[in-house]
Amino acid sequence: MEVVFGTPSRNCSGTGICMIAGRLPQGGQIPCPHAPVIIHCDPKHELVFRFRKQRLSDKIVQDYFSSNIFVVEEAFSLPQRLIRMWDLPIGSIPPGRYFLEEYSREWRLYFPLNISPL
């Protein structure tokens, strides 16, 4: 999948996630900052977004991965495919501050599904 960063109502500027889409076709171009993501639902009932460091530009790292907190200014919708696949109790992620963890090869962003954000 592909994450487009930014705030939906501000045309992808700002912080957070503007949208989640299927992978872009080879050579596909969009003007907003974006990166591939692996999304899974873990046993703790949270969505985990895994971003491979080698696939992120320096600008994206500087703008969105410079702290252990990822700020979402405005709610963003989850793809229907994921909602159905995992029988998720929510259809969007609310605004808030979410935990971001750095590993040697990736960043992991955690979105709890049954508790309020940080």
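To start, this report covers the structure provided alongside it. In this text the structure is predicted, and so the values were computed from the model without any measurement.

Calculation criteria
Residues numbered from 1 in each chain as written. Predicted model: local features only at pLDDT ≥ 70, side-chain atom pairs only at ≥ 80, totals over all residues. Heavy atoms only, no water. Helix = DSSP H or I, 4+ residues; strand = E, 2+ residues; numbered from the N terminus. Polar contact = N/O pair within 3.5 Å; in protein donor to acceptor, adjacent residues only side chain to side chain. Pairing = 2+ DSSP bridges. Axes fitted to C-alpha atoms, helices over the stretch in contact; angles between N-to-C directions. Buried < 20%, exposed > 50% of the residue type's maximum accessible area, 1.4 Å probe, protein only. Salt bridge = Lys/Arg side-chain N within 4 Å of Asp/Glu carboxyl O.

1. Concerning the side chain of Glu2
- Structurally, Glu2 is set in strand β1 (residues 2–5).
- At 2.6 Å, the side chain of Glu2 forms a polar contact with the side chain of His34.
- Polar side-chain contacts of Glu2 include one of 3.4 Å to the backbone nitrogen of Ala35.

2. Side note on the sheet that holds strand β2 (residues 17–21)
- Taken in spatial order, the three strands of this open sheet run β2-β1-β3, and their pairing is antiparallel. Each having just a single partner strand, β2 and β3 (34–36) make up the two edges of the open sheet. Strand-to-strand twist of the sheet, defined as the mean angle between neighbouring strand axes without regard to direction, takes the value 20°.
- With three bridges connecting them, β1 and β3 associate as antiparallel partners. By the bridge assignment, Val3 is partnered in β3 with Ala35.

3. A word on unusual backbone geometry
- Backbone geometry places Asp87, a non-glycine residue, at a positive phi of 50°.
- As for its placement among the helices and strands, Asp87 is situated in the loop between α2 (80–86) and β8 (92–93).
- For Asp87, a relative accessible area of 65% translates into the label exposed.

4. Examining the pattern of salt bridges
- Scanning the model with the defined rule gives six salt bridges in all.
- Here Arg108 makes a salt bridge to Glu106, at a shortest N to O gap of 2.5 Å.
- Given the relative accessible area of 4%, Glu106 is considered buried.
- When salt bridges that share partners are traced, they join Arg50, Arg52, Glu106 and Arg108 into one network.

Structural measurements only, silent on function.
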